Amino acid sequence: MYDSIVIGSGFAGAVVARQLAEEKGQRVLVLDAREHIGGNCYDRLDEHGILIHQYGPHIFHTNIERVYKYLSRFTEWYEYRHEVVGNIYGKELPIPFNLNTLEEVYGDRAPHLEKLLIDNFGEGARVPILELMNHEDKELQEIAQYVYENVFLKYTMKQWGKSPREIDPAVSGRVPVLLSRDNRYFQDKYQGTPLHGYTPVFEKMLDYSGIELRLGCEAKSVLTIDPEAAEPVLFEGSPFHGNIIFTGALDELFDCRFGRLPYRSLRFDFEHYDRKFFQSHGVVNYTVTEDFTRITEFKYLAGQLDAPNTTIVKEYPMPYSGAEGEIPYYAINNSENDALFERYRSLVEKIPHFTLLGRLAEYKYYNIDAIVDRALTVAEQM
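Model, not experiment: these values are computed from the prediction.

Rules of the game
Residues numbered from 1 in each chain as written. Predicted model: local features only at pLDDT ≥ 70, side-chain atom pairs only at ≥ 80, totals over all residues. Heavy atoms only, no water. Pairing = 2+ DSSP bridges. Helix = DSSP H or I, 4+ residues; strand = E, 2+ residues; numbered from the N terminus. Core = buried A, V, L, I, M, F, W, Y, C linked by side-chain atoms within 4.5 Å. Buried < 20%, exposed > 50% of the residue type's maximum accessible area, 1.4 Å probe, protein only. Axes fitted to C-alpha atoms, helices over the stretch in contact; angles between N-to-C directions. Parallel < 35°, antiparallel > 145°, perpendicular 65-115°, else oblique. Contact = heavy atoms within 4.5 Å.

**Q** Pulling in residues and values, what's your account of the sheet that holds strand β15 (residues 233–235)?
**A** Strands sit in the order β14-β15-β16 across an open sheet of 3 strands; the sheet is antiparallel. Edge positions in the sheet fall to β14 (223–225) and β16 (238–239), since each has one partner strand and no second. Bridge count for β15 against β16 is 2 bridges, and the pairing is antiparallel. Within the sheet, the bridge partner assigned to L234 lies in β16 and is P239.

**Q** Residues and numbers for the nonpolar core, please.
**A** Ranked by size, the top nonpolar core spans 36 residues in total, and within it I5, L223, L250 and F354 carry the most contacts. In terms of residues, this core owes the most to one element, helix α11 (residues 335–348), which gives 5 residues. Formed by 35 residues, the second largest nonpolar core is a distinct cluster that contains V6, A17, Y198 and M205.

**Q** Give me the packing of helix α4 (residues 110–121) against helix α6 (residues 138–160): which residues, what numbers.
**A** The geometry of α4 relative to α6 is characterised by a closest axis approach of 10 Å and an angle of 100 degrees between their N-to-C directions. The angle between α4 and α6 places the two elements in the roughly perpendicular class. Listed contacts from α6 to H112, L113, L116, L117, N120 and F121 of α4 are E139, L140 and I143.

Bear in mind that shape data such as this cannot, by itself, settle questions of function.
This is the structure in structure tokens:
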């Protein structure tokens, strides 16, 4: 019945499914264990009429021309320019640290420090704090230490559940100081959010004659995957020789036989307020205080600025245990975990026409534009 079976209806699965159906004329079955499409980019109107991102904020940004043009087939754009501030002991400062932040932190010393930075690195530069830390000038070292302690260190400890000793100096050293007054979080050519939300994008993408969609359907309820069997893939009890594009957690496909792959998860606490705004920006990072990492106020992201009320969400990072209701969000990449992932990947390498695609399946981080670009390439090559 099907040429390809796609497991997951987030951007990875939806783009591949559409391309295989539309460009290759294939009959494609899309399976998703959730009762909705869109994966973690799923959004919806809450009971107060505010468009919320159910699994945390997603802001689209890219310099990849073909990705922007492709997604623009399925949506118009709200030209939201994402600006983030850090709440640092009650004071809001632009993040990433830039010349405006410098002015807020150092006051009368800021013009001198700005000149020092620009003389050494050039206007518009993006300077990793490791360069500043290793610089012979003590004042530049001081700036790096401020950014490390107030922007990076405690936020990262919360996000990844690590102590200061466990934080890789190579990672912290990449944290930038921007020698500009551009407060945008991203500097990409294209950025914003879908004008009517992400979910309608997926609805249009998957609304194609060659695509069949089954929601609330666990892959293992219809697929049997056994790399050692004479017929390694069975679909509803019969051999299946078409393409399998898997976008889920690879260890869970094999019942964690080698042990569970470590991920970080998130708890989202939504709150509604009968006032026009809760905070000054769409996202406020709590870099040194509070147990949560950030608060998102959704009306900024969706352009609902005239709404009389507002909905926010607080994000609490936590380890992923596989318990009911928990969702794996971020792979914890280190040599040990990556080696464990390779053991799982070696299982599916034995299965013809089996492709791993996406954050969970490939155990790596992707932005939206990067996974759309990869999905387009995978479909082209299939």
